[in-house]
Amino acid sequence: MRLRRLAAALVVVAVAAFAAATPARAADDPLPSWNDGPRKQAILRFVEETSRPGPSFVPVPERIATFDNDGTLWVEMPFYTQLAFAIARVKALAPRHPEWTTKQPFADLLAGNVKGALAAGEPAIVELVMVTHANTTTAEFERIVTDWIATAKHPRWDRPYTELVYQPMLELMAHLRANGWKTYIVSGGGVEFMRPWTERVYGVPPEQVVGSSAVTKWQVEPSGPVLFREAKIFFVDDGPGKPVGINAFIGRRPRLAFGNSDGDQQMLEWTAAGDGPRFMGLVHHTDAAREYAYDRRSDIGRLDEALGEATAKGWSIVDMQHDWKRIFPFE
């Protein structure tokens, strides 16, 4: 009887061990939202080879990965999320500025003509951002951004913008961090627009976010010292500004960099120019059904010269339609 009970117990233990082992094997894939193929395999191989002893080993302090934000980590269409925030701020501030009813680009925005307001291109966008993001303390601006991002929804999916992040890229960043890498965001977007929510959404703390910034000054008020944001540009973290920002705020050249547009080209070139193993990646928006399809002729997130260079130099071009099983976490 004792032997039968012992045998039965061993069977139970064996079955339980098998059941426990099966999900573990399924969980061995750190990039489950990526279709198996050359892009996924290149990423896995790079992380493995640089994280274990061997000719491609990279010491932990040098494991620096930089990611663009708009169009690389979350949706940037039909226009940048920070621009949606600026438009909302125009409407909120309009009662204090009656002159906006006849002044462009504000008049068009207040009339609901976003396309007309942006027809003037970058100067109009810069003016909008400066007017709607300045003349506040850094603490006030953080509160405004936090309140807006908690309630604002994308016009296509009617979901919060923070749900429209790319699940495959979340998995990639998590896989890198699990192997001793530091993940940084290096974006043309405003650094103080991103910092209130990047740690919660991406797992990237505010000190690892590099972005465009306004002139900020120290001043003492009756309540105490504050940092005040002026309506002046201090630094533009886009195009050639990205490697400059990486050097100034990170201090190490990335070993891995991911972007999606010509604005990321110099960051990828700077990464590629270093010694030792390097990984340069582009997210190519090719899926109009699940997200958007755009590249060379787009006014938002244009991918033209960088696409040609990536093709010529053998950088990894991630085809959203073919390389990603799913795009968003809610799918």
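Everything below is about the structure printed above this text.
All of the points below concern the structure found in this document. Just so it is clear, the model here is predicted, and its values are computed rather than measured.

We now examine the sheet that holds strand β1 (residues 64-67). Two modes of strand pairing occur in sheets, parallel and antiparallel, and in both the strands are linked by backbone hydrogen bonds. As summarised here, the arrangement of the eight strands in space is β2-β5-β4-β3-β1-β6-β7-β8, forming an open sheet in which the pairing is mixed. Of all strands in the sheet, those bounded by a partner on one side alone are β2 (136-137) and β8 (316-319).

It is worth spelling out helix α2 (residues 38-51) at this point. An α-helical segment advances 3.6 residues per turn. Residues three or four places apart therefore align on the same side. Counted at 1.5 Å a residue, the expected span for α2 with its 14 residues is 20 Å, and the 20 Å between its end C-alpha atoms agrees. Buried within α2 we find K40, A42, I43, L44, F46, V47, T50 and S51.

The space that makes up the largest pocket amounts to roughly 1300 Å³. Taken together, 44 residues make up the lining of the largest pocket; nearest its centre are Y80, E122, I125, G188 and D238. Of all elements in the fold, only α3 (81-93), α5 (114-117), α6 (122-133), β3 (182-190), α9 (191-194), β4 (209-221) and β5 (224-235) reach the threshold of two or more residues within the lining of the largest pocket. Broken down by element, the residue count for the lining of the largest pocket peaks at six residues, all from α6. In terms of residue class, the lining of the largest pocket is built from 18 nonpolar, 13 polar and 13 charged.

With that settled, the discussion passes to the pattern of salt bridges. Enumeration over the complete set of coordinates arrives at 15 salt bridges. D68 serves as the salt-bridge partner of K242, at 3.0 Å between the closest nitrogen and oxygen. Taken as a pair, K242 in helix α11 (residues 241-249) and D68 in the loop between β1 and α3 lie far apart in primary sequence, 174 residues in all. Residue K242 shares its accessibility class with D68, and that shared class is buried. When the shortest N-O distance is used, the salt bridge between R229 and E192 registers 2.2 Å. With R229 in strand β5 and E192 in helix α9, this pair connects stretches of sequence that are 37 residues apart. With relative accessibility at 6%, the residue R229 sits in the buried group. Overall, E192 belongs to the partly exposed group, its relative accessible area being 22%. Connected via shared salt-bridge partners are D68, K242 and D264.

Analysis parameters
Residues numbered from 1 in each chain as written. Predicted model: local features only at pLDDT ≥ 70, side-chain atom pairs only at ≥ 80, totals over all residues. Heavy atoms only, no water. Pairing = 2+ DSSP bridges. Helix = DSSP H or I, 4+ residues; strand = E, 2+ residues; numbered from the N terminus. Expected span 1.5 Å × (residues − 1). Buried < 20%, exposed > 50% of the residue type's maximum accessible area, 1.4 Å probe, protein only. 1 Å grid on protein atoms, 1.4 Å probe; cavity = no way out; pocket = protein on both sides within 12 Å on 5 of 7 lines; lining within 4 Å. Points joined across faces, edges and corners; volume = space filled by probe spheres on them. Nonpolar A, V, L, I, M, F, W, Y, C, P; charged D, E, K, R; others polar. Salt bridge = Lys/Arg side-chain N within 4 Å of Asp/Glu carboxyl O.

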